[in-house]
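Secondary and tertiary structure notes
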Amino acid sequence: MDDKLSSPNQFKEQLNKFLKTDKQEIIKSLLDSNLTGRGGAGFPTGMKWDFCSKAKGDKKYVICNADEGDSGAFSDRYLLEDQPLKVIFGMILCGMVIGSDEGVLYIRGEYPKSIEAINGSINELKKLNLLGDNILGTDFSFDLGICIGQGAYICGEETALIASIEGRRAEVDVRPPFPVTEGLYKKPTVVNNVETLAAATGILINGPEKFAAIGNKKSAGTKLVCLDSFFNNPGVYEIDMGTPMKKIFNEIGGGYKEPVKAFQVGGPLGGVVPLSEIDNLNLDFQEFTAKGFMLGHASIVSIPKDFPMSEYIHHLFEFSAEESCGKCFPGRLGSYRGKEMFDQVKNKTAKIPLKLLNELLVTMQKGCLCALCGAIPTPIMNILKYFGDEMKNDMVKDN
Amino acid sequence: MSSEKRKIAYIDGKPYEIGANHTSILKFVKSYVGEKKVPTLCDDPNLAPYGACRVCSVEVALEKDGPTRMVASCHTPVAENQHIFTSNEAITNLRKNIVELVLTDHPMECDSCEVNNNCELQTVANDLGISDHRYNSPKQHKGIPRDTSHDYMRMNLDNCINCGRCVRACDEIQGSFVLTMSGRGFESKITTDNDMMFGDSSCVSCGACAHTCPTDAISDVFMSKSADVDEKVRTTCSYCGVGCNLEASIKDNKVVAIDTPKETEVNAGHTCIKGRYAFSFYDHPDRLKTPLIKRNGKFEEASWDEAYDFIKKEMNRITKDNGPDAFAGISSARCTNEENYVFQKMIRAAVGTNSVDCCARICHSPTAWGMQQTFGTGAATNSTEDIYHADCFIVIGANPTNAHPVTGAKIKQQVMKGKKLIVLDPITTELAKLADYHIKLRPGTNVAVLNMMLHYIIKSKLYNVDFVRDRTEGFDNFIKEIERQDVDHLAKVAGVDKQLVKEAAIAYATAKNSMEFHGLGVTEQEQGSKTVMLIADLAMITGNIGRKGVGVNPLRGQNNVQGAADMGCQPHQGAGYYEVADEKNQKFYTEKYGVTHPTKPGLKIPEMFEAAIDKELKGLWIIGEDIVQTDPNSAHVVEAMNSLELLVVQEIFMSETAKLATVVLPGTTFLEKDGTFTNTERRIQRVNRAVPPLPGTKPDGVIVTDMMQKLGFDQPTYDAEQMLKEIADVVPFFKGVTRERLGKLGLQWPVQEDGTDTQILHTESFKLGRGRLKNFDWKESTEIETNKEEYPLILTTSRILQHYNAATMTRRTKNINIVDEDVLLIHPKDAAHRDINTGDIGRLYSGRGEVALKVEVTDKVKEGIVFTTFHFPEHMVNMVTGHGKDEETMCAEYKVSSVEVQKISNQFKTEVKPKENQAEVS
Ligand SMILES: Cc1cc2nc3c(=O)[nH]c(=O)nc-3n(C[C@H](O)[C@H](O)[C@H](O)COP(=O)(O)O)c2cc1C
Ligand code: SF4
Ligand code: SF4
Ligand code: SF4
Ligand code: FES
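Residues numbered from 1 in each chain as written. Chains lettered and ligands numbered in written order. Predicted model: local features only at pLDDT ≥ 70, side-chain atom pairs only at ≥ 80, totals over all residues. Heavy atoms only, no water.

So, the domain arrangement of chain A
Residue and element names in this part refer to chain A.
- Each domain of chain A was delimited in the assignment, giving domain 1 (8–212), domain 2 (222–304) and domain 3 (309–396).
- Averaged C-alpha coordinates put domain 1 and domain 2 at centres separated by 27 Å.
- Taken together, the contact between domain 1 and domain 2 spans 18 residues of the former and 16 residues of the latter.
- Approximately 1,400 Å² of surface area, both sides summed, lies buried where domain 1 meets domain 2, with 63% of it carried by carbon and sulfur atoms.
- Between E195 and K223 there is a salt bridge, and its shortest N-O distance comes to 2.8 Å.
- Counting across the interface, domain 1 meets domain 2 through seven residue pairs in polar contact (both at pLDDT 80 or more).
- At four residues, the largest contribution of residues to the side of domain 1 that touches domain 2 is made by helix α4 (residues 75–82).
- Counted by class, the side of domain 1 that touches domain 2 contains six nonpolar, seven polar and five charged residues. (Domains from an automatic or database assignment. Contact = heavy atoms within 4.5 Å. Buried area = accessible area lost by both parts, 1.4 Å probe. Salt bridge = Lys/Arg side-chain N within 4 Å of Asp/Glu carboxyl O. Polar contact = N/O pair within 3.5 Å; in protein donor to acceptor, adjacent residues only side chain to side chain. Helix = DSSP H or I, 4+ residues; strand = E, 2+ residues; numbered from the N terminus. Nonpolar A, V, L, I, M, F, W, Y, C, P; charged D, E, K, R; others polar.)

Set out below in structure tokens:
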């Protein structure tokens, strides 16, 4: 991402320009760029802002979702700490477009440096009247606050996040109503991921064409990709959509330090991609989905060659049992029963009842209220498909 | 409306029209193909959709043969042309697998469970054909100690399925926020407050959680969800004027539990502690079971015939010697319409006097009178349901969350959703805490504050020009008088902030729909009727009359106080509100009753007392009213009763008044009789006999009719249905009422001949044609003028949630374990002057008498004001209250008494009540 917004002066100059820009034009730029949400669900950002700008409400909110909880993901953290002005700029413009005067950054408690960086920027911008009442003498006012995350993975889900800001138990809510019409304190609210907001800033400053020209219509622009320490060159990289995965892994990542057999891409709910499939994939949301995986937030976690896959499944069930809200029945009970199944495998007290496990996975996938326990079956099904042989001796087929 | 295109969606291939109330696929499907087509566990039609259980899942496709998607039907909207599939293999498997998961964490001891055969989980599992699960030794939440610490509620979390309905019922319906789901994932569980025992929590015992809980995880001591009963009888609550519909469970001719039907107009499956749980008074050993005649100062048991003959002889003697006006009757707002009607008929037609009154005299007579003067009809203009359509509420002198709990909860819910609320009250009530504008005025200054509000509305030109021009009269003079008001002076006497009153006035005037409620804090004052008329002005000049979500709405105290007045238990108006002094009306009544109707208006209750003391009134018949405990200045009342030659009291318990009677006749409770009650929104609802009268007792209507026959009056034997027919023939606004037509939900009067009822009054015009705008200046209460030097504090009284008025009934239930005394509230500054601390015993006294009460120091009351309830005969708070009366209607001035408080001792020690704690482990 280019660095046109690293100083408050640049910030002021750009803001001055956009304060005079027509809101519809801003929405149009976002739509033309084909930017989709980087937080996992992939909703077109321009549409989200447009809906919220049209929603009725005497008060509206902008929320930046900085609860980055995916294992192996640190791209949001990178942006918060190294490019805070870009994120904040995106929030201010969103506020201007939708008619909001208040934004909240929901930042994961494990990111104290991010909180510090954002806090510093907010204070500085306030002093310069680039945030607060009547920004730069206009009648647009916008204030920002920070809310520190409650600590469970589910807090990153937008309705649970809203509940958490309101001081309620972080529990997933039914939709509709969607946050754009009834969000924080039941007021119209845009919830955007950190990276989405930073990308929006880039698009608006540089024009949508450049972004849209990369990749394809549904997977446009660039995406931050995090490579873990199994790569020779670990780190976060901004990569054009459509880039072949093998190029990312072998050239950018510089290959692997140790033998690996698979990768979990896109966080705990993302797919488990066997090494052999990497050659057939490009950095593209739809391609991943079509193959039964999920690109999501694009973090890459390597699974070493000698790591037992039944333990990996155990770890996934345990994750959803511990990090879910427990509201919906298949989520609360299913995650726990799945974990128990693999506890018993680990302790050698029982074998995997394959039929029941498959039914359980379908039940969770189809029945759950949200994508936490509803998507955890994705990596598990991938593992059963690609690494089933590895667990052959631990399974009973007709139970 | 109908010009809109009809929208269609398909259920299992068949087209159906999408209606306005089809807010989810579930509602849509249920309305066309029945309740059972789609199973549910976390859904309750009275709660917002929640989406937890997922057994309501269905498949949908956006077009015919399009790709399908599984969705939870309870929270997914129906879309036009959508194809909905309610069952196929995938759906059934999903539902089965989910319920199987639920069973992995359920004890499965149905045979010994309270809700066996009335359990939603059991039903859903049976319908899906599963009784067991396939998981290997799953961990369960088993052996959680049962919480039996509460006097009414019971918790058995082993059987909890985490559907969250109890939490939502407490939040969304009751608004008390006692229950929470705490913990995460598999460890989530229901807790009360911060992990307190149920009995120590802030629970208000409304029972909403037990009512909605699909299993027996939350229930009550009566096991009200048990299917092991002989019969369930639908009836109407006999406590307050909200008029909740109840359902009594009967076993072996006893009422074993009370719940509420889900489908009701008034209460939507909700009640308060009194309606649902405070019923065990009905067969309490204290019930009177035989007539009693006092001879030589002692009650002797008598047969019914003996008692009737005794009364007949005495009545005849009194009226023969002194004329019919030496006799009077006080009817009961707790009794049915039929009973009130026949009682006033006895007094008027069989005795021959108009001296019949009821407790409306001491509560809402100023409302009835004031609204008659301004609108023409003395009843609530709108319906309770309108609460959902209002944008701003003004609540004056009422504490609905305590005194009208179900209506109070509804208002509270709306306010929590962001509707505006203005409260005029000297006490920081529960609603006042939530109010946008709490005008904490001192008692006796309602007229001052309303004049201020009117002034600000007029000055800011916020009145509704069209409404004032088309629907009212007297505006020119009105505006002059209002402009003349000295707001600074008024603000000073009321002790309120001018700016706050102004903002509240503007909020009321500018909201789209503003709805008014008032209680006895308005009426029980010297300027009570005037306050009512100013409230009517406020509604009229802002155009808040005659449509949904607005109006002037008295919160009627007793269950049938509206009905008692409608039926003619008033000395100046007969059944249907015809003035008795009018010759035309005399003719009408004479024709209907078959005897010459008296024309001289009779005595009002306070006048009866005076007349008794003056030996002009010699005989009095009272039904179910403990006037000694509840009327102000008890000593005076006792003197009056003792001056009578004959006092007949129809009662269910030996009340303070009954003790003074010559003859006591044992009546029955509402559970043992048929009839109708009319609630605060003019809804006439059926009371259906749940159990036969206790041996030895008779329904009150039967007693009165028996007596009429004894007196030689031609009155057919009492039958509630026949009596209602007679009423429909006499009372014009009951014209189309029959017992059958009332059905389950009742009808709101006026009811046309064809049975059409009326939700909103004054939609086109007022009964008086145009609404009359009237002005009144504020005047200091005589009570304060006279006594303020000697008795500088002002006492105002009210009631609490757990008890009802004289508490004759609620004291004889477990409610007494929850609250067992009247407590005096005093402001910290006033307490400091008198060296009083919380827990001390104080002497509350006035020129009339004194009582000793436990004191609580709190800023809930305004400085200079003290507050208490009047529920307990041990305290007899009305020994202290005053003689003041509303100028127009003689309604007693309970809300303003000049008093003083003195510390007696700090002897009070916090008594630790032994509670059965979590002993029992299943
Ligand atoms: C279980 C769960 C966890 C999530 N965690 C995050 C998160 O940490 N950060 C994030 O931006 N979005 C997260 N999301 C997605 C959000 O719900 C939401 O879609 C997103 O913040 C919208 O922003 P976007 O449109 O900019 O992507 C999560 C979703 C689920 C179901
Ligand atoms: S799937 Fe259900 S239990 Fe799991 S996190 Fe989502 S709502 Fe909560
Ligand atoms: S106690 Fe009853 S209503 Fe509450 S969550 Fe448990 S099962 Fe549901
Ligand atoms: S609110 Fe009134 S009518 Fe309803 S249950 Fe309570 S006392 Fe009875
Ligand atoms: S009834 Fe729809 S999710 Fe429970």
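From this point, things continue past the structure.
With respect to the site of ligand 1
Residue and element names in this part refer to chain A.
- Not every one of the 20 residues close to ligand 1 is listed here, only the nearest: G39, K48, N192, N193 and T196.
- Here an oxygen atom of ligand 1 sits 2.9 Å away from a polar atom, N or O, in the side chain of K48.
- Going through the elements one at a time, β4 (189–193) and α16 (371–375) are the ones with two or more residues in the shell around ligand 1.
- Sorting elements by how many residues they give to the shell around ligand 1 places β4 first, with three residues.
- Residue composition of the shell around ligand 1, by class: six nonpolar, eight polar and six charged. (Near = heavy atom within 4 Å.)

Description of the site of ligand 3
- Every residue close to ligand 3 is listed here: C160(B), I161(B), N162(B), C163(B), G164(B), R165(B), C166(B), I190(B), C213(B), P214(B), A217(B) and I218(B).
- Of the residues belonging to the shell around ligand 3, the class tally is nine nonpolar, two polar and one charged.

What about the packing of helix α9 (residues 365–374) of chain B against helix α19 (residues 528–541) of chain B?
All names here are of chain B.
- Relative to each other, α9 and α19 sit at 45°, their axes nearing to 8 Å. Taken as axis vectors, α9 and α19 run oblique relative to one another. The hand of the α9/α19 crossing is right-handed. Every residue of α19 that contacts α9 at P366, T367, W369, G370, M371, Q373 and T374 is listed here: G528, S529, V532, M533, A536 and M540.
- Tallied by class, the residues present in the contact of α9 with α19 amount to seven nonpolar, six polar and no charged. (Axes fitted to C-alpha atoms, helices over the stretch in contact; angles between N-to-C directions. Parallel < 35°, antiparallel > 145°, perpendicular 65-115°, else oblique. Left-handed = near helix turned anticlockwise from the far one by under 90°.)

Focus: the nonpolar core
- Residues M309(A), F317(A), F329(A), L357(A), I383(A) and L384(A) are the most contacted members of the largest nonpolar core, which totals 84 residues.
- Setting aside its immediate chain neighbours within four residues, L357(A) contacts F317(A), M341(A), F342(A), I352(A) and L384(A). (Core = buried A, V, L, I, M, F, W, Y, C linked by side-chain atoms within 4.5 Å. Buried < 20%, exposed > 50% of the residue type's maximum accessible area, 1.4 Å probe, protein only.)

Focus: the domain arrangement of chain B
Residues and elements named next belong to chain B.
- By the assigned domains, chain B splits into domain 1 (8–87), domain 2 (113–123 + 134–277), domain 3 (292–361 + 560–748), domain 4 (365–554) and domain 5 (782–905).
- The straight-line distance from the C-alpha centre of domain 3 to that of domain 5 is 31 Å.
- Opposite the 19 residues of domain 3 that make contact, domain 5 presents 23 residues.
- At the boundary of domain 3 with domain 5, the tally comes to zero salt bridges.
- At the surface where domain 3 touches domain 5, the tally comes to zero residue pairs in polar contact (both at pLDDT 80 or more).
- If you list the elements that add at least two residues to the side of domain 3 that touches domain 5, you get α22 (605–613), α23 (627–630) and α24 (634–643).
- Among the residues making up the side of domain 3 that touches domain 5, the classes are represented as six nonpolar, five polar and eight charged.

Quick look at a nonpolar patch on the surface
- Taken together, L31(A), F43(A), M47(A) and F51(A) make up a surface patch of nonpolar side chains, about 330 Å² in accessible area.
- Take M47(A): it is sitting in helix α3 (residues 45–54). (Patch = residues over 30% accessible without salt bridge, like charges linked within 9 Å, V, L, I, M, F, W, Y side chains within 5 Å. Areas by Shrake-Rupley, 256 points an atom, 1.4 Å probe, with all protein chains shown as cover.)

Quick word on the sheet that holds strand β27 (residues 683–687) of chain B
All names here are of chain B.
- The strand order across the open sheet formed by three strands is β26-β27-β28, and the pairing between neighbours is antiparallel. On the outer flanks of this sheet lie β26 (675–678) and β28 (747–748), each paired with one strand and no other.
- Where β27 meets β28, two bridges bridge the pair, whose relative direction is antiparallel. From the neighbouring strand, R683 faces β28, where its bridge partner is Q748.
- Those strands touched by helix α8 (residues 337–351) are β26 and β27, and its axis lies near 95° from that of β26. (Pairing = 2+ DSSP bridges.)

Thoughts on the interface of chain B and chain A
- On the side of chain A, 34 residues touch chain B, which itself brings 36 residues to the contact.
- Put simply, chain B and chain A have one salt bridge between them.
- The salt bridge involving R134(B) is made with E359(A); its shortest N-O contact spans 3.0 Å.
- Linking chain B with chain A are 14 residue pairs in polar contact (both at pLDDT 80 or more), by the criterion used here.
- If you list the elements that add at least two residues to the side of chain B that touches chain A, you get α2 (89–103) and β7 (179–182) of chain B.

A short note on the pairing of strand β9 (residues 299–304) of chain A
Residues and elements named next belong to chain A.
- With six of six residues buried, β9 is to be regarded as a mostly interior element.
- Burial of β9 is two-sided: the residues S299, V301 and I303 facing one way and the residues I300, S302 and P304 facing the other way are all buried.
- By the bridge criterion, two bridges tie strand β5 (residues 222–227) to β9 in an arrangement that is parallel. Pairing of C226 across the sheet is with S299, part of β9.

Section: the sheet that holds strand β22 (residues 551–554) of chain B
Residue and element names in this part refer to chain B.
- Judged by pairing direction, the sheet is parallel, and its five strands sit side by side in the order β19-β18-β17-β21-β22 without closing on themselves. A strand with exactly one partner marks an edge of an open sheet, and here the two such strands are β19 (437–439) and β22. The mean angle between the axes of side-by-side strands here comes to 15°, regardless of whether they run parallel or antiparallel.
- Both strand β21 (residues 514–518) and β22 contribute to a ladder of four bridges, which runs parallel.

Describing the confidence of the model for chain B
- For chain B, per-residue confidence averages 91 on the pLDDT scale, and 97% of positions sit at 70 or higher.
- A low-confidence stretch, residues 908–922 of chain B stays under pLDDT 50, and its non-local contacts, those more than four residues away or across chains, total 24 contacts. (pLDDT = per-residue confidence, 0-100.)

Points about the packing of aromatic side chains
- With the rule as written, the count across this model stands at 37 aromatic pairs over all chains.
- Ring centres 6.0 Å apart and planes at 65° place the aromatic pair Y578(B) and Y589(B) in the edge-to-face group. Here Y578(B) is found in the loop between α20 (561–566) and α21 (583–593), whereas its partner Y589(B) is found in helix α21, with eleven residues between them in sequence.
- Look at Y589(B) and you get buried, because its relative accessible area is 1%.
- Members of the aromatic cluster, connected to one another through ring pairs, are Y341(B), Y578(B), F588(B), Y589(B) and Y593(B).
- Of note, K339(A) hangs over the ring of Y336(A), and the distance from its end group to the ring centre comes to 5.5 Å.
- Positioned above the aromatic ring of F653(B), the side-chain terminus of R812(B) is 3.9 Å from the ring centre. (Phe/Tyr/Trp six-rings, centres within 6.5 Å; stacked < 30°, edge-to-face > 60°. Lys NZ or Arg CZ within 6 Å of the ring centre and 35° of its normal.)

Here we look at unusual backbone geometry
- Across the junction of R175(A) and P176(A), the peptide omega takes the value -5°, indicating a cis bond.
- Its place among the elements puts P176(A) in the loop between α7 (158–165) and β4.
- With an omega of -5°, the peptide bond between P176(A) and P177(A) qualifies as cis.
- Locating P177(A) in the fold gives a position in the loop between α7 and β4.
- For S205(B), which is not glycine, the phi torsion reads 60° and is therefore positive.
- Following the sequence through the fold, S205(B) ends up in the loop between β8 (189–192) and α5 (208–212).
- On the basis of relative accessible area, S205(B) is assigned to the buried category, the value being 2%.
- For H762(B), which is not glycine, the phi dihedral falls at a positive 60°.
- Note on placement: H762(B) falls in the loop between β28 and β29 (771–772).

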